[in-house]
Structures are given as structure tokens and as C-alpha cells.
Amino acid sequence: MSKPLLSVRDLRVKFRIDRKNLFEALKGISFDVMPNETVALVGESGSGKSVAALAILGLLPKENAIIDPASVIEFGGRDLLKITPAEKRALRGSEISMIFQEPMSSLNPVFTVGYQIGEVLREHKGMTGTAAEQRAVELLREVGIPEPELRIRYYPHQMSGGQQQRVMIAMAIACEPKLLIADEPTTALDVTIQKQILDLIAELQKKHGMSVLFITHDLAVVGDIADRVVVMRHGEIREQGETRAVFANPADSYTQALLACRPVVDSRPKRLPVIDDFMAGRGHVMRSETRTRGVSESDPVVLEVKNLCKDFYAREGLFGKKTFHAVKNVSFKLRKGKTLGLVGESGSGKTTVGLTLMRLHEATSGEAWFDGKNILALSEREFLPYKKRIQIIFQNPYASLNPRMTVGQIIMEPLIVHGEGGDAQSRAKLVFELLAKVGLPEMSFYKYPHEFSGGQRQRIAIARCLTMRPDILICDESVSALDVSVQAQVLNLLQDLQDEFGLSYIFISHDLAVVKYMSDEVMVMNQGEVVEHADSDTLYASPKDPYTKKLLDSIPRGIPGAAAHA
Amino acid sequence: MTAYIIRRLWQIVPTMAGVILLIFLLFNVVGGDPAYLLAGKISNAEQIANIRKQLGIDEPYWYQLLLFVKQVVTFDFGQSWSTNEAVSSIFATRLPNSLLIGVPLLILETIIAIAIALVVAYKRGSLTDRSVMVSCTVAQSISILVYIIVLQYVLAYKLGWFPVQGWGNGFFENLFKYAALPIIIALAVSLAPNIRLYRTFLLDEVNQDYVRTARAKGLSENRVMLVHVLRNAAIPIITNLMIQLPGLLVGLFLIERFFSVPGIGREVILAVERSDFPVIKAITVYVALATMLANLLADLLYKAVDPRVELK
Amino acid sequence: MSAAHPVMNPAADIGIERSPGLWSLAWRRLMRDRVAVASLIVVVAFLLLAVASMFGWVAKNWNSEIAVNYAPPTLFKSLYAAATEATKGEGEKGPEVEGLAVQRQPIVNDRDPLRSILDELRAQLGQGAEGVEEIKIVDPLADVIAELKKKLGRVDGAIEDVGEDKKAPHLAFGADKWGRSVWDKVVKGTETSLLVGFAAAILATVIGTLLGAVAGYFGGKTDDFLNWFYSIFNSIPYILLVLAIAAVLQKKGVLTVVLILGLTGWTSIFRVVRAEYMKHKARDYVRAANAIGATHMRRMFTHIFPNISHVVLVQLSLYVVIFIKSEVILSYLGFGVGVDTVSWGSMLNEAQNELILGYWWQLAAATLFMAVLVTAFSLFTDALRDALDPKLK
């Protein structure tokens, strides 16, 4: 076997939090990257995977990061932790390069992309301005940017997110590096763009014979791209090996849980297994029980939306204004105890639909019939009682809870606002019941949101909605910000609540697998319009609309080697 | 772009109207009868009667307001109550002197403050950084009056390096002889806050993702700071400079007063001391107009230095 | 909030401690910062001094002439002696040097407009130089002053003979030209500064926060109108506006200064608070409050305000510093507090002329007090900002 290109041995990194406390981000990890190989570093937030990447490049903040002196990062026969800063600089961008999660903020906003690509060439290859520019054009062409001669004059903000990431990749491969580190390069991108970028990286890897260290939280992506996989949790490596082997036969219980708790499109278990199930050794049974979904005409309708439209306006010219149609003629029926999934990429208008139904935006036109009334036509005062019956759970659990209120106050607030729930004592009693229902300990009552994790906060938000005993719950990307293992727990909770209270859900998400798992019917939205609306099993099995097909094709299947053979 | 400028110029109208109304309320309604105010300051009864007429004091408020608007539009505020000098001539003769101190000061303070801010931002968290920052805090805490009194006493009076005060006629005589000490003192006062501000601007940029990218590209720390960070920090710095521009017109009133520099600032203080309303009104109104135009210019410049900005 | 949640503690039944809120966490962070604690102690000391002076416990008789004119300070005696030694170069020592120190004024620039005054002084001192023991001679204007005092009836007639003996020859901080204690004056000045600083800061903060909250929260026409109002104030340079108002309000006094500073200074907090409200009203927690049916008032004050109050607090703290400095300048120019009270600004005004005569202590006292207070307050503000920084959560 050949010598590894990169060899990390016993890497320990600590961060100084304040004068007394240290946080151990990496607890001695070891792994290798062979020449011409793609290795995936997988883990949920806090696993230390990004810290490892930054440590390899020597980009950890000098002020508070402490690397253990016994650690070794060997690259091409040299220990990167021992060489001088100047030597390290010469390696960066030429031998080892890196791309990041947020392409928009990772590019300097005030320089053209041509200048920024050229800068690497001028720095490492000593190229002159014109030569560097010509090479930049070639590179842009190579990463698939149309009209590269024109685009090198563009500033980053004039390009789409996918194109920005292509520019980052062009910059990274400019000097033909031996190792490309990709830190969550597709997390911020839509699913169709994600697929393009993944294919591009795989293609470039082959063509240039470079090694790729691919860092991600998404195991499904790993399956498509990596030769080997390293699974991390809490700064430790849980398991590493050939991707095929790890996927087929995971040895570690955490890896098993990660693989199992993400919903997949081809099956639908009654409950999603969660990490605790695997740690307790009962994960495997859970997959077997399945659930059937779908609606029939006999199910009662709770909400009927007709021709909903929402326009936004932007100023243009001296007197003119530009109209942007965020939602165009959306109509649907929501049935009792059922879930309507709403999928689409960013800018499709799916979130606007939810906010308009809550009257958090005023609709431009259209009707929404609920309980015999068109709730969009009611005055603010008349609408107030209906606010109790339609509730919403937002995407970011860190933003949707008021940080200055205790959990008890947050959950009790709807009762106070509407003057319900009796006296303080009985209100508090109800809060304790709800806390138990969403699986939070009683002592949460007097705690503040900042003391809870993302998943727990989302439970608090759910409990707040439940105080009003709503008929309809709108889940706006409610699990998108959560790690997969936590996501499974919250999805299970939502499912339990639907089963118990007969709630109707409008489930908005960009994640096709999650929508498939949760929904009875699915609506696909693109640029403000509904392009397809069907029972979820029907839609996923035989999509009719070309956009739906494209969307479904882009889902990472989690099958090793899929991208390579695409 | 043109549409934007036209709209912005159009927006100046209501604000200007507000400024005129505010000044009118202050001086004609709240300020009361100037004859009463001036009784002790100008003994000439005929002159006071003249002023009353000029102001239309005995006329209803709407007429007085109309008169004021006419003054603003025709750029004719009449004459100073105390010196009888035409207000327009006060502008013409005092403004160049204020600018002679203000412009070199603004240039020097910007260059020096950016240089020092770059050094401390580069060495952020170090002893140098902290001691510069503490010195800035202390320096900012001492009143500008103390700087003037002490530096004038020591450098001019005791050591005789500069004239204690005065103003000449030649441009170079004024710049190098009389303006030198005022500029030095003003620099001593303004450096500390500017260094702190620019350091904040620079540090805001240092933590951005693109700086990490620049390092990942293998660029030297100098290039990261001087090209990538400084170019981005230049955006708020330039905005800050544009905000300071209208201040040039008002002059450094305390310094002008101490050094007997015949500038606008000294004129303002004299006018306030003498309740010389036409002079104060004229200066206030026109400086407000200049400020609004400077703000417009700042936005246009903002567009020039920041490619992300679109003027709508 | 507390009104909505009456004291009721079901948690006590199950034995749970209430968690510390963000405020108490910020306070703990602040107390861990040594600079913050030190500067807070200094600020509190100044506040106590100001309160004591307000109630007349100290510096009650600041306006009475308890010492000889320009009585030298003894607190810095050794320092002072060393300083005169340095400027002198030779010979003279002891308390009699004061007059002579003036005599030894250095070569003065020939353009010096004060030269004539100085020559006159020299001439006067030359005459009296033999009788240095007569302290009156120290002040060339003593005769005039005495006469003035008589006219003003401030002192009983016996001043020249009997009173003069009872007066202290020197004080810890020295005396001014009337023989008033510089210590008492500087303490009284502390009271004025803090009173003006805090009162004006609170006034400006209340106006700016209310208008900013309304403009930022409601947006639309309301915002347009308030923004127009703001742009009027903002387009007139601050100092010009202050002076213009000072020109109109002929009545001098602490209240006038507070009004001038407060009514002109609200713009910066308006801008900040408006921006915060615009940002927060679109946040999910406010949308969530809207979704459960909370009213506008409830969203504005129960939900958003506690979340931006740290910005208001920091701005308030900044205002105190700015207004203390502004008051000093206004009083220096004579547009500030009247003659019936002391301000560091009016002290600096007197000190300016005294410095040329070699009486540096009033200048030193006012400068030192102001610099220490403002430095401490600024450092505290910085620490407060860091401790309240939501990014640290």
C-alpha cells in the first residue's frame, strides 16, 4: 500500500473559554488520507470535524486555540505543526486548499472574482496580471461557469450561491493542489445545486488525481462521494473504514443510529429510531413497523385555500415600482388529522404561504376558509380568536423564543394574552402537563431558553403552540436547523401529537426525505407556483412535472459510489 | 442613478422646510422680542427699531415666516445686528480661514488614525493594543479645553515655538505659522476617538469568513490586512469621513476662539454672545443644507467603494 | 412582566431553583472583569461625593473666602517645590517664591498679545518685591478685588485687617483668586457635572427610545414622519444646534443646560433604537408572539424592549460622558450654569488666566477630577458593552 498523503496522529485541540476553563474540542484523533482518495469526515454539530480541518491548514485562531505538542499532522513527509509560518503559507492554497460552507461570505465582497482567483496564481506561481487572468478564465470554464470571460469581472454578490461555490472551487484548484479540504461545501445550497457541486468535486478529484477531505453532517452525501468515511462525535472518532463497509455493516452504535434516524424516501417506519434506541440496542426493531399515508375525499376539510397570491414591491427608477410575485394562485385543502407537505427550493414561496395564512404577511388576494369564515378577510380584532386555532413553529429554535423570558413564562403567555386558563396556579399546572407531553423535565419551568439545546428549544416552541389547543399547526422548516439525531426525536414528537390530538399539519421543508416521511399529501412549489400536488407516495413514485423529477433526482441516495457512476 | 439623485434632492425639500421651521420657532417664537434681548447690547434705539422692521416683529407669525423663507431662498439675511457687516460677507471672509485649519487637519488625522488603527488591529489583544486603547480612553476623557489651555501655554507661551494667537494675510504664513498649533491641538483631541473607531471597523472585518479564505489561499498576513481587510474597512471609514465634512464649515469653534482665528466657528460664538440672530440663523440654515448635500455625496461615494450597494 | 405573573411558585413545591436570567449572567461577567469593578468603584465614589455635596454634607461653603487669595496647595507641596526648583534654576526657596516665580516669566514671543499685561504685572511686582512678606502683593489685582468685594457686600468691612489673619495661608488643594477653596469648588463641580450628565442623559434616552421604538416598530408613515423629524435635528451640526438654543434661552442654569443637551442629543439613540426595533420586529420570537395574539404594546415593550435594553443602557452610559464633556464646554463659554454655582467648565475659564500667572492648581484640580471620572465612566461603559454583548450568550 502507498504512503498516506496526509496523516493525522493523536490530534488534540483545546480552546480557552476564559481564564479558568478550557474546552477540549478534539480528544486525540488519528486518520489518514491516501493520494487520489476522498475521505469524508462526518459528525453532528460539536463533533470537532471543522476544527480538525482548520488545524490541518493552520487556521485555528491563535488567541485561544491550543494544539497539544504531541499531536502530529504529517503532509508529504513534513509535520505541519512543526514547520515555520512562511513554509506553511507556501503550502496553503498551492498544495492544500480549502473551500467553505458559506460561499457568499467566504469571498471578499469588494474584489472581482477574477481578481480573487488571480491572486492565488500571482502569490504561488508568480504569474503576471494578464497571465493570471487568462488562467482564471480557464479555471472558471473548468468549474462550469458560463461565459467565463465576462464573469471574471463580476463581483461575488452578482452571482448565485452555486456559482459562488464554483468560484471558490476554481480558486482552490488553481494551483493543482494535492489535497482539497471541503468543509460542508453544499450545506447552504439548494438540493439541486448541491448535486451539481458534488458531481463537480467528484469529477475534478478524478481529473486532477487529488485527494479530497470532505467534511459534512450528512451521511447521505457521504455515500455518494467518499471512498472512506470517518465518523466523529464529541471530539472523538467513533468509527472509520471503507464507505461501503461502514454503510453496509456499521460496527459502532452511534454510526448505526446516524444511518437509521434520517428518513429516507423509499421506506416509512412508524417511528424514527433515535440515538438512545441504538445505544440501548433496540434500534433495529423500529425500522420494521411501517406507516401508510394518504388522504381520501371523505376526510373532513379544516382549511380550504383558494387562489392565494402574495406580491412584494421594490422601488425602481424615479416613480416606478417592481412587483415580485412571491406566491401565485395557490389553492389547496387541508384535511383533519392529515399532513400537507410543502416542498421547494429557496425562493419558491413556500414559507410565504405559511406566513400569509398566519396573517404575519397580509395576502394580496385569495381566500382561506376556516370554520365557515374567510380568515384573510377578517379585521385584526376579528382574527384574534382564530390565532389560537392556527399556530406556527419556526425554523430557528434559537430565534423563536424570547431570551429574556423563562420557559414557564413563554409557555404560559398565550393563556395570559387571551385571558384563559384560570388563575396562575392552574395555568402553571397546565404548563407542567405540557412540559411532560413534549418530553421536558419539570425543572425547565424556571429556566431560560439559552440553557437548552436546539432540539429542546423546538420542544418548548411546540409546547407553546399546544397551550392553545390549535386545529392547525404550520411547521416552517421546523427541523431543518437540527442535527439528524435530534431531528428524528422532534419528528417523532410531532407525529405522536398528531396521533393524540388529531392535529392537521402544514409541513414546510426543503428536505424531500423529511417531507416524504411526514406528509399525506405533498405540494411542490417553484417560483411561487404549485407545480405538482398529489398523495405523497404517488408523487414520489411517479412524479409528473419535470421540476419535481429534477428535484427528486437530486436527493442524495446514500448509496456508495453513486456519484462516481452518475 | 440619475433617478436616485433626483429623488434624493427632492427629499431634501421637506427636511429643509423642517429646518427652517425649527429655526423659525426657536428664534421668532421661543426667542421672543429681540429688541428686549438687545436692549443692553445695542444702545441705539434707532437701530433696534430698524431691526424690528427688518424682522417684521409686529407682523403676524406667518408673515415673519414668509420673510424668513425669502431670506433663505434669496441668500440674503441682511446685516449683522452688532457689526452691520453683511451676513454674506461674513461667510465669504470667514469660511476660507476655517477651511485652512480644517482641511489639513482632516487629512492628517485620517492618515495617522488609520495607520495607528492598523497597527493595533494587527496586534489585537496584545499589550501594545491594550495600552494604546487605554491611552485613547484617558486622552478622550480630558476636556478639549485643557488641551488648548495647556498646549497653548506650554508650546506657544512658555517655549515660544508658535505664536500664541493671531492670523495673517498670506496663505502660507497662515498655514505654517498661525494654523500650525491649532492643527496640532485639534489632532491631539481627535486622534483618540478616531483610532478607536477605525480599530472597531478593522476588527469587524478581521473576523469575517473572507479573511479566513485569504489566509487559506496562503497570503501573507500583511497582504491580508492591507489589501483584504483595509479595502473592506475603507467603506465605513469613508462614510465616517463624509459625515465629518460638514463640520469643516462650522470650523473648530473653541480653537478658533482661543487662537483668535477669524473663522466661522469664532463668528458663531461671537454671534451667540451678542444675540446676533441673523448670523446664527444664516449659518445654521446653510450648514444644514450643506450637511444634507454631504450625506447625498456620502451615499454616492458609498456606492463607488462598495460594489454591493445598489442605489434605489 | 411581574404583573402578569403574580408571585406564585409552583416550582418551589418540587424544589427547583430559579435559573439566573441574562441580566444576572451579564452582571456576573461584569464582576469578573477587574477593570470594570475598579472603574465602577471610582464612579460610585464620585456619585457619593456628588450626593454628599447636594445635601450640603461637603463643600457647603464653597462660596466663602476661607483662605488668602491664591493660597497655594499643600497636598502636592513636594511636587510643587520640585517643579518651581526646576523652573527656577537658582537661589530662592520657601513660601515667598510665588511672586518671584511670576517675575521670572520666560522670554515671551514678541507677538504675544498678553505681553502688555505681563509688563504691567512685572512693573507692579517690581515695586512690591521688597516686601514679599505682605502676601497681598502676590495678587496684583488684590486691591481691585477687595474693592469689588466691598461693593458686592460679600464680605464684612473688616476684611483687610482682621479677616486677613484668620484666613488660611494655604489649603490642601489651594485657593482661587477670591480665596475660595479649590477642593470645595471641584467637589461642587462634580455635583453639577453628574447632575447635568445624568439628567440630560435620561431625558435624551427617554425621548430617543420612545420615538425610536415607535418609528422602528410601526414603520410606514409613522416612521417616515419621525425620520423626517430626526433628519431635521440631524442635519444641523450638534454643537451649532446647542449654541443656537443657548442663544435663544437667555436664562442660565442647570435646568437650561439639561434641556439644551437633552433636547438636542436624542438623535443618536433614536437611530440606534429604531434600527434595533426594525431588526427585532422581524425576528421569530416576535412573530411567534404575534402568532399567539399578543398586542402591539405587548410585543413592543414586553417582548422587544427587554431584548434591546442593553443597547439603551450602553447608549445612556455614553450619553453621560458626552454630556459631562459638553456641559464643561458650555459653562466655559458662559452659556452653561450660572454664576451661583460652580462647574468644572467655569473653573477652567478662571484657570486659563491664572495659569499665565503661575497659579496652576485650579486647572489641575478640575482637569484631574474630570479626567478620572470620565475615564472611569468610559472604561465602565466599554466593560458594560462587553458584558451585555448578546454574542457572548
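A quick note: this is a predicted structure, and the numbers were derived from the prediction, not measured.

*Asks:* Provide a residue-level description of the overall build of chain C, including the pertinent values.
*Replies:* Of regular secondary structure, chain C possesses 17 helices and 0 strands. Counting all 393 residues of chain C, 51% fall into the buried class. Within chain C, counting contacts between residues at least 6 apart in sequence, those at least 24 apart form 77% of the total.

*Asks:* Quick one: what's the story with the overall build of chain B, residue by residue and with numbers?
*Replies:* Scanning chain B for helices and strands turns up 14 helices and 0 strands. From first element to last, N terminus to C terminus, chain B shows the α and β order α-α-α-α-α-α-α-α-α-α-α-α-α-α. Over its C-alpha atoms, taken along the principal directions, chain B stretches across nearly 80 × 60 × 35 Å. Counting the 312 residues in chain B, one finds 52% classified as buried. Partitioning the contacts of chain B with sequence separation of at least 6, the portion at a separation of at least 24 is 72%. When the accessible surface of chain B is summed, it comes to about 13,500 Å², and 66% of that surface belongs to carbon and sulfur atoms. Separation of charge centres in chain B, based on 26 positive and 20 negative side chains, amounts to 9 Å.

*Asks:* So what's going on with the interface of chain B and chain C? Which residues, and what values?
*Replies:* Across the contact, 52 residues belong to chain B and 47 residues belong to chain C. Each partner contributes to the roughly 4,200 Å² buried at the junction of chain B and chain C, and carbon and sulfur atoms together form 75% of this total. Three residues stand out in chain B for area buried against chain C, namely Ser141(B), Ile149(B) and Tyr157(B), and they jointly supply 16% of the buried area on that side. Summed over the shared surface of chain B and chain C, the number is 1 salt bridge. Its salt-bridge partner being Asp382(C), residue Arg196(B) comes within 3.0 Å of it at the nearest N-O pair. The interface formed by chain B and chain C holds 5 residue pairs in polar contact (both at pLDDT 80 or more) in total. Contributions of two or more residues to the side of chain B that touches chain C are made by helix H1 (2-30), helix H6 (127-141), helix H7 (144-158), helix H8 (171-178), helix H12 (253-258), helix H13 (264-273) and helix H14 (277-305) of chain B. Counting residues per element, the side of chain B that touches chain C draws most heavily on H1(B), which supplies 9 residues. Class assignment of the residues belonging to the side of chain B that touches chain C gives a composition of 34 nonpolar, 12 polar and 6 charged.

*Asks:* Got a sec to walk through helix H10 (residues 220-235) of chain C? Specific residues and values, please.
*Replies:* Between its terminal C-alpha atoms H10(C) stretches 22 Å, which fits the 22 Å expected from 16 residues at 1.5 Å a residue. When H10(C) is considered as a whole, its buried residues turn out to be Asp223(C), Leu226(C), Tyr230(C), Ile232(C), Phe233(C) and Ser235(C). Elements in contact with the buried residues of H10(C): H1 and H14 of chain B together with helix H9 (182-218), helix H11 (238-248), helix H12 (254-265) and helix H13 (267-281) of chain C.

*Asks:* Talk me through a positive patch on the surface; I want residue IDs and the actual numbers.
*Replies:* Taken together, the side chains of Arg19(A), Lys20(A), Arg28(C), Arg32(C) and Arg34(C) make up a positively charged region of the molecular surface. Mapped onto the elements of the fold, Arg28(C) is located in helix H2 (residues 22-32). Exposure remark for Arg28(C): the relative accessible area of 45% places this residue in the partly exposed category.

*Asks:* Talk me through the domain arrangement of chain B; I want residue IDs and the actual numbers.
*Replies:* Residue and element names in this part refer to chain B. Domain annotation of chain B identifies domain 1 (16-74) and domain 2 (94-305). Relative to domain 2, the C-alpha centre of domain 1 lies at a distance of 36 Å. The partner domain 2 presents 12 residues to the 12 residues of domain 1 that form the contact. Here domain 1 is connected to domain 2 by 0 salt bridges.

*Asks:* Let's hear about helix H9 (residues 180-206) of chain B: which residues, and what values?
*Replies:* All names here are of chain B. Its 27 residues give H9 an end-to-end C-alpha distance of 36 Å, which sits within 8% of 39 Å, the value for a rise of 1.5 Å per residue. Taking the largest bend as the criterion, H9 deviates by roughly 35 degrees, centred on Ser 190, and proline Pro 193 comes between one and four positions later. The buried count for H9 comes to 19 of 27 residues, which makes it a mostly enclosed element.

*Asks:* Can you lay out the interface of chain A and chain B for me, pointing to particular residues and giving the numbers?
*Replies:* Listed as interface residues are 30 residues of chain A and, on the opposing side, 23 residues of chain B. Both sides of the chain A and chain B interface together cover about 2,500 Å² of buried area, and 59% of this is carbon and sulfur. The tally of links from chain A across to chain B stands at 2 salt bridges. Inspection of the chain A/chain B interface yields 14 residue pairs in polar contact (both at pLDDT 80 or more). Of all the elements in the fold, those that place two or more residues in the side of chain A that touches chain B are helix H1 (49-57), helix H3 (103-106), helix H4 (113-125) and helix H7 (161-173) of chain A. Of all the elements, H4(A) adds the most residues to the side of chain A that touches chain B, at 7 residues. Of the residues in the side of chain A that touches chain B, the class split is 15 nonpolar, 8 polar and 7 charged.

*Asks:* Before we move on, could you go through the sheet that holds strand E13 (residues 321-335) of chain A and cite the residues and values that matter?
*Replies:* All names here are of chain A. Strand order across the open sheet formed by 4 strands is E13-E12-E15-E16, with antiparallel pairing between neighbours. Two strands in the sheet have a free side with no partner beyond their single neighbour: E13 and strand E16 (373-374). Here 11 bridges tie strand E12 (residues 301-315) to E13, and the two strands are oriented antiparallel to one another. Of the residues in E13, the one forming a bridge with Val 305 is Phe 332. This element, helix H14 (residues 350-357), spans E12, E13 and strand E15 (365-370) of the sheet and lies at about 110 degrees to E12.

*Asks:* Can you lay out the state of the cysteines for me, pointing to particular residues and giving the numbers?
*Replies:* As enumerated under the stated definition, the model contains 0 disulfides over all chains in all. Cys261(A) forms no disulfide, and the closest cysteine sulfur to it belongs to Cys475(A), at a distance of 19 Å.

*Asks:* I'd love a proper account of the pattern of salt bridges, names of residues and values included.
*Replies:* All names here are of chain A. Within this structure, the stated rule accounts for 43 salt bridges over all chains. With a closest N to O distance of 3.5 Å, Lys 49 and Glu 184 form a salt bridge. One end of the pair, Lys 49, is in helix H1; the other, Glu 184, is in the loop between strand E8 (179-183) and helix H8 (191-208), with 135 residues separating them in the sequence. Each member of the pair, Lys 49 as well as Glu 184, is classed as buried. Of the charged contacts in the structure, one is a salt bridge between Lys 195 and Asp 199, with a shortest N-O distance of 3.8 Å. Taken together, the positions of Lys 195 and Asp 199, both in helix H8 and 4 residues apart, correspond to about one turn of that helix. What makes Lys 195 partly exposed here is its relative accessible area of 30%. Using a relative accessible area of 28% as the deciding quantity, one classes Asp 199 as partly exposed.

*Asks:* Give a description of the packing of aromatic side chains that names residues and reports values.
*Replies:* Scanning all chains against the criterion turns up 17 aromatic pairs over all chains. Taken together, a centroid distance of 5.0 Å and an interplanar angle of 90 degrees make the contact between Phe445(A) and Tyr446(A) edge-to-face. Just as Phe445(A) is buried, Tyr446(A) falls in that class too. Relative to Trp228(C), the ring of Phe225(C) has its centre 5.8 Å away and its plane inclined at 35 degrees; by these criteria the two rings are tilted. Highlighted residues: Phe225(C) and Trp228(C), both in helix H10, separated by 3 residues, approximately one helical turn. Every member of this aromatic cluster is reached through a ring pair, and the members are Phe229(C), Tyr230(C), Phe233(C), Trp266(C) and Phe270(C). A cation sits over an aromatic face here: Arg122(A) above Tyr115(A), 4.8 Å from the ring centre. Lying across the ring of Tyr540(A), Lys516(A) places its NZ or CZ 5.6 Å from the centre.

*Asks:* Could you give an account of the environment of Ile173(A), naming the residues involved and the relevant values?
*Replies:* Residue and element names in this part refer to chain A. Counting through the fold element by element, Ile 173 comes out in helix H7. The class of Ile 173 is buried, set by a relative accessible area of 2%. C-alpha separation for the pair Ile 173 and Gln 116, spaced 57 residues apart in sequence, amounts to 13 Å. Sequence-distant contacts of Ile 173, that is, excluding residues within four places in its chain, are made with Leu 139, Glu 142, Val 143, Leu 204, His 208 and Met 210.

*Asks:* Report on unusual backbone geometry, specifying residues and quantitative values.
*Replies:* Even without being a glycine, Asn36(A) presents a positive backbone phi close to 60 degrees. In this fold, Asn36(A) is placed in the loop between strand E2 (22-33) and strand E3 (38-42). The backbone phi angle of Ser260(B) is positive, close to 50 degrees, even though this residue is not glycine. Summarising the element assignment, Ser260(B) is placed in the loop between H12 and H13. In this structure Ser260(B) comes out as partly exposed when scored by relative accessible area, which is 24%.

*Asks:* Which residues make up a nonpolar patch on the surface, and what values go with them?
*Replies:* A cluster of nonpolar residues, Leu21(B), Leu25(B), Val29(B), Val30(B), Tyr61(B) and Leu249(C), forms a patch on the protein surface that exposes about 490 Å² of accessible area. Sort the elements by how many residues they give to the nonpolar patch and H1(B) lands first, with 4 residues. When you line up the elements, Val29(B) lands in helix H1. Exposure remark for Val29(B): the relative accessible area of 33% places this residue in the partly exposed category.

Criteria and thresholds
Residues numbered from 1 in each chain as written. Chains lettered and ligands numbered in written order. Predicted model: local features only at pLDDT ≥ 70, side-chain atom pairs only at ≥ 80, totals over all residues. Heavy atoms only, no water. Helix = DSSP H or I, 4+ residues; strand = E, 2+ residues; numbered from the N terminus. Buried < 20%, exposed > 50% of the residue type's maximum accessible area, 1.4 Å probe, protein only. Contact = heavy atoms within 4.5 Å. Areas by Shrake-Rupley, 256 points an atom, 1.4 Å probe, with all protein chains shown as cover. Lys, Arg positive; Asp, Glu negative; His and termini not counted. Charge placed at Lys NZ, Arg CZ, Asp CG, Glu CD. Buried area = accessible area lost by both parts, 1.4 Å probe. Salt bridge = Lys/Arg side-chain N within 4 Å of Asp/Glu carboxyl O. Polar contact = N/O pair within 3.5 Å; in protein donor to acceptor, adjacent residues only side chain to side chain. Nonpolar A, V, L, I, M, F, W, Y, C, P; charged D, E, K, R; others polar. Expected span 1.5 Å × (residues − 1). Patch = residues over 30% accessible without salt bridge, like charges linked within 9 Å, V, L, I, M, F, W, Y side chains within 5 Å. Domains from an automatic or database assignment. Bend = angle between axes of the 7 residues up to and from the residue. Pairing = 2+ DSSP bridges. Axes fitted to C-alpha atoms, helices over the stretch in contact; angles between N-to-C directions. Disulfide = S-S within 2.5 Å. Phe/Tyr/Trp six-rings, centres within 6.5 Å; stacked < 30°, edge-to-face > 60°. Lys NZ or Arg CZ within 6 Å of the ring centre and 35° of its normal.

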